[in-house]
Every structure is written in structure tokens, then in C-alpha cells.
Amino acid sequence: MTRTPPATVTPIRLWHWRRNPLRRRSDVIEGWIIAVGWILALACAVLAGTTAAQISDSASAARASQVHTATAVVTDGVPVVPAGDGKYGDWQVRAAVRWTDPDGAVHTGQAVVPAGASAGTHVPIWADRAGHVVGAPVSATAATVQAALTGVLVGPLAGAAVWAAGKGIRVRLVRRRMAEWDEEWKRTGPRWGNLSGGRG
């Protein structure tokens, strides 16, 4: 019966900070850049995502506060639209309407109404404070979902941008280290060959 050797656990070694004769100051700096880069990337992702979600939610709330519902009256008869010709669907067309604000001001405009509606038909509309017909604002649930999706999209993009900036700094640091090694080898290489009797 053969015995299975115990599994060897390999410890994670942070070679950027581990003391060894070949470690240079640039290795330590690179290690810190990696650590700080990841921390900043995660923090920026959370902060940017949260901020974007709040801005989106505030924008939806602000738009909803600027519009109100009103009951408008179709001023002209609306022709029946043949199937397939309706711009807003076979059952809806734009028509001239008139409505009165709560303050008594009378407004006119174009609104989407049922096809074939006769003059005098009452239709619900959304209007802004300037008296223009506007689209209905998104519901509270849709606004919440939109804010959440905005945060989910913006957060990772911001984190990736910070991580890419840290990666760019590391690439420049590695290139500089390689150049320093080349310079040192130009000075040390000939002496190394002499120390090995010309055989190295």
C-alpha cells in the first residue's frame, strides 16, 4: 500500500518587499505602486459608481419635479390611420390639443392621441412649467434601476482607468530598471570576463 505524500503548501511571497541581495529600490517602489494602485482602483470604482448612481437618481427626480399631468382637449378631428402608416403605432398619432394649467393659463401644443379621436376628446398629457408637452417621466422603479445600472457601468470603468494608470507607471519603471541594468552590465561585463579568465 503506497502512502500519498502530504500536499505541500507554497506560501505567497511578496518578492517586491522580501529582503534579498538582488532587490533594488525600484522593486520596493513597484510593489507599493501595485498595492496602492489596486486600493485606489477599488476605491475609485466604488466612489464613482455611487456618485454616478446618485447623480442619475437626482436627475430623474429633478425632471419629475419639473413636469405635471394635465387633461387636454383635442382641438381638431384626428383621421384614422391605415394599418402600418402610424408614426407612433397604428393606434396613435400626433394632434393639436389645448389644456389649462392649474393657474388658469391656456396652452396649446401637439400631443400623441388615439387615432380617430374626434375634436373635444379629452386625453391625458404631461407638460412642463413652460407649457410644453413633454414625455412622461420614468417611474420611481425605473429611475432606481437606471441609477443602479449607471453606477454598475461607471464604477468598473473608473476603476479600470485608475488601474491602467498604475500599470502605465509600472511599465515606465520596468523600462527604466532595464536601462539601468544595461548600463551596469556595460561596466561590469568586461570585468566579469577578466575575472573568469576570459572564459565567461
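Above this text sits the structure in question.
These remarks concern the structure in this document. Keep in mind it's a predicted model, so treat the numbers as computed, not measured.

Criteria and thresholds
- Residues numbered from 1 in each chain as written.
- Predicted model: local features only at pLDDT ≥ 70, side-chain atom pairs only at ≥ 80, totals over all residues.
- Heavy atoms only, no water.
- Pairing = 2+ DSSP bridges.
- Helix = DSSP H or I, 4+ residues; strand = E, 2+ residues; numbered from the N terminus.
- Contact = heavy atoms within 4.5 Å.
- Axes fitted to C-alpha atoms, helices over the stretch in contact; angles between N-to-C directions.
- Core = buried A, V, L, I, M, F, W, Y, C linked by side-chain atoms within 4.5 Å.
- Buried < 20%, exposed > 50% of the residue type's maximum accessible area, 1.4 Å probe, protein only.
- Phe/Tyr/Trp six-rings, centres within 6.5 Å; stacked < 30°, edge-to-face > 60°.
- Polar contact = N/O pair within 3.5 Å; in protein donor to acceptor, adjacent residues only side chain to side chain.

Comments concerning the sheet that holds strand β1 (residues 67-74)
Spatial ordering of the open sheet is given by β3-β2-β1-β4-β5, a layout of five strands whose pairing is antiparallel. Either end of the sheet is taken by a strand with one partner, and the two such strands are β3 (106-114) and β5 (133-134). Bridge count for β1 against strand β2 (residues 92-100) is two bridges, and the pairing is antiparallel. When the bridges of β2 are listed, Val-74 appears paired with Val-97. Docked against the sheet, helix α1 (residues 25-66) engages β1, β4 (122-128) and β5, running at close to 40° with respect to β1.

Let's talk about the nonpolar core
Counting twelve residues, the largest nonpolar core consists of Ala-70, Ala-72, Val-74, Val-93, Ala-95, Val-97, Trp-99, Ala-111, Val-113, Val-123, Ile-125 and Ala-127. Put simply, the parts of the chain that give this core at least two residues each are β1, β2, β3 and β4. For this core, the element with the most residues is β2, which contributes four residues. With residues near it in sequence (within four places) discarded, Val-123 still touches Ala-70, Thr-71, Ala-72, Val-74, Val-97, Val-113 and Pro-114.

Some thoughts on the pairing of β4
Summarising the sheet, β1 and β4 pair through seven bridges and their orientation is antiparallel. Within β4, the position partnered with Val-67 by the bridge is Asp-128. Here two bridges tie β4 to β5, and the two strands are oriented antiparallel to one another. Within β5, the position partnered with Ala-127 by the bridge is Val-133. Where β4 folds back onto β5 in an antiparallel hairpin, the turn is made up of four residues, including Gly-131, whose phi is positive at roughly 85°.

Description of the packing of aromatic side chains
As enumerated under the stated definition, the model contains one aromatic pair in all. With a centroid separation of 6.1 Å and an interplanar angle of 55°, the aromatic rings of Trp-38 and Trp-163 are classed as tilted. Of this pair, Trp-38 sits in helix α1 while Trp-163 sits in helix α2 (residues 140-195), placing them 125 residues apart in sequence. The class for Trp-38 is partly exposed, based on a relative accessible area of 48%.

Structural notes on the environment of Asp-103
Inspection of the secondary structure assignment puts Asp-103 in the loop between β2 and β3. For Asp-103, a relative accessible area of 65% translates into the label exposed. Among the polar contacts listed, one links the side chain of Asp-103 to the backbone nitrogen of Ala-105, at a separation of 3.1 Å.

Take it as geometry only, folks, not as evidence of what the structure does.
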